[in-house]
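# Summary of the model geometry
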Amino acid sequence: MENTLSYIYNAHFSGIQNLDFCLRLLIAFLIGGIIGYERSHRFKEAGIRTHILVCVTATLLMLVSKYGFADLMNEEGIVLLGTRGADSARIAAQVVSGISFLCAGVIFKVGSNIRGLTTAAGIWMTAGIGLAIGAGMYIPVLFCTLLLLILQYVMYRIPFTSETHGGNHLHFIVKSNHGFDKILHKQLDLWNAQVTNSRVTRNISNGTTDYDLIIRRYKDLEYSEVRRFAEEQGDIVISVSTSSLYMQG
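Residues numbered from 1 in each chain as written. Predicted model: local features only at pLDDT ≥ 70, side-chain atom pairs only at ≥ 80, totals over all residues. Heavy atoms only, no water.

Mapped onto the elements, Ser176 comes out in the loop between strand 3 (166–175) and helix 7 (180–190). Within the local environment of Ser176, its side chain forms a polar contact with the backbone oxygen of Thr208, the two atoms lying 3.4 Å apart. Excluding its chain neighbours within four sequence positions, the residues that come into contact with Ser176 are Arg202, Gly207, Thr208 and Thr209. (Helix = DSSP H or I, 4+ residues; strand = E, 2+ residues; numbered from the N terminus. Polar contact = N/O pair within 3.5 Å; in protein donor to acceptor, adjacent residues only side chain to side chain. Contact = heavy atoms within 4.5 Å.)

Shown next, in the form of structure tokens:
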């Protein structure tokens with residue numbers, strides 16, 4: 001009896017199986033990162049971290065779904081006492097569905113940006129890890145946690161994706177027909193800023209033009225930088241305003 005319990009609760013996955021599980025998680029980590037890098041390079045809201053978390057979590061949940069109930073039988077294939085007739089996957093499925101509502105609660109719009117996607121993906125991954133712990137898949141859980149720690153360490157210390165970039169909402173009101181388009185385009189290049197959204201409105205009644213821009217760059221523009229640029233244009237710029245994308249209400 002003691003040997004049977006040891007087999008059931010400590011060794012229902014062999015070393016080769018655990019290695020295979022970890023390899024699948026690593027592949028998901030890499031593929032999610034590749035997809036996320038492309039999205040991040042285009043300044044999309046869901047970047048590298050979000051895609052990695054989603055891909056790894058989906059892989060972990062699939063492993064739980066396929067192999068997480070291996071300890072319901074002993075080595076002779078006999079169903080353990082108290083588990084006969086039980087639907088073991090029912091609670092696990094409800095956890096996956098229920099946690100999605102919780103994740104939706106942390107996603108919100110700030111200005112023109114969507115925030116909270118990575119946090120939601122992190123909550124989803126935490127739920128997946130909890131299910132794997134409950135299923136006794138300790139090696140994949142430890143490997144997932146290690147991958148997550150590496151991901152967070154790298155992303156916070158090496159700023160190379162849009163998730164670490166800043167952004168601004170710029171609004172200029174200028175006198176029309178003074179070549180402001182070219183001047184602004186040149187200045188944006190000097191600021192190393194990429195325009196992600198723009199709207200130009202010409203007011204015929206008063207002879208002015210409104211420039212409404214959303215830009216992304218390594219860090220937020222300081223108001224002093226924008227004011228200095230406006231002052232250099234003399235009386236061409238009538239008014240200017242700037243705000244961080246992450247501070248808008």
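After that view, the rundown keeps rolling.
Looking at the chain, the pLDDT average stands at 77 and 75% of residues meet or exceed 70. Highest mean pLDDT in the chain belongs to helix 7 (89); lowest belongs to helix 1 (residues 2–10) (47). Low pLDDT, under 50, characterises residues 5–10; the predicted model gives this stretch eight contacts beyond four residues in sequence or across chains. (pLDDT = per-residue confidence, 0-100.)

If you walk through the whole model with that rule in mind, you get one cavity of 30 Å³ or more. Volume-wise, the largest cavity comes out at about 30 Å³. Residue lining of the largest cavity: Phe29, Ile52, Leu53, Val56, Met125, Leu147, Leu148 and Leu151, and that is the complete set. The set of elements that each furnish at least two residues to the lining of the largest cavity consists of helix 3 (48–67) and helix 6 (138–157). Classifying every residue of the lining of the largest cavity by side-chain character gives eight nonpolar, no polar and no charged. (1 Å grid on protein atoms, 1.4 Å probe; cavity = no way out; pocket = protein on both sides within 12 Å on 5 of 7 lines; lining within 4 Å. Points joined across faces, edges and corners; volume = space filled by probe spheres on them. Nonpolar A, V, L, I, M, F, W, Y, C, P; charged D, E, K, R; others polar.)

Right, let's talk about the pairing of strand 5 (residues 208–217) for a bit. Taken across its 10 residues, strand 5 has nine buried, putting it largely inside the fold. Summarising the sheet, strand 4 (residues 194–203) and strand 5 pair through nine bridges and their orientation is antiparallel. Residue pairing in the sheet places Val195 in a bridge with Ile215 of strand 5. In this structure, the hairpin formed by strand 4 and strand 5 is closed by a connection of four residues, where Gly207 is found at a positive phi of approximately 70 degrees. (Buried < 20%, exposed > 50% of the residue type's maximum accessible area, 1.4 Å probe, protein only. Pairing = 2+ DSSP bridges.)

One way to put it is that helix 3 packs onto helix 5 (residues 117–134) with a least axis distance of 9 Å and a crossing angle of 20 degrees. In terms of their interaxial angle, helix 3 and helix 5 are classed as roughly parallel. In the packing of helix 3 onto helix 5, the handedness of the crossing is left-handed. When helix 3 is examined against helix 5, the residues Arg49, Thr50, Leu53, Val54, Val56, Thr57, Ala58, Leu60, Leu61 and Val64 are found in contact with a partner set consisting of Leu117, Thr118, Ala121, Gly122, Trp124, Met125, Gly128, Ile129, Leu131 and Ala132. Of the residues in the contact of helix 3 with helix 5, the class split is 14 nonpolar, five polar and one charged. (Axes fitted to C-alpha atoms, helices over the stretch in contact; angles between N-to-C directions. Parallel < 35°, antiparallel > 145°, perpendicular 65-115°, else oblique. Left-handed = near helix turned anticlockwise from the far one by under 90°.)

Three or more residues of helix 7 are buried, namely Phe180, Leu184, Gln187 and Leu188. All buried residues of helix 7 project into a common sector of 100 degrees when viewed along the axis, lining one side. Exposed and oriented more than 90 degrees from the buried face of helix 7 are Lys182, His185, Lys186 and Leu190. (Arc of directions from axis to C-beta.)

Next up on the list: the nonpolar core. Counting residues in each nonpolar core, the largest one holds 23 residues, and the members touching the most others are Leu25, Val56 and Met137. Looking at this core element by element, the count peaks at seven residues for helix 3. When neighbours within four sequence positions are excluded, Val56 is seen to be in contact with Leu25, Ala28, Phe29, Met125 and Cys144. Judged by nonpolar contacts, the second largest core, of 17 residues, contains Leu184, Ile215, Leu221 and Ile236. (Core = buried A, V, L, I, M, F, W, Y, C linked by side-chain atoms within 4.5 Å.)

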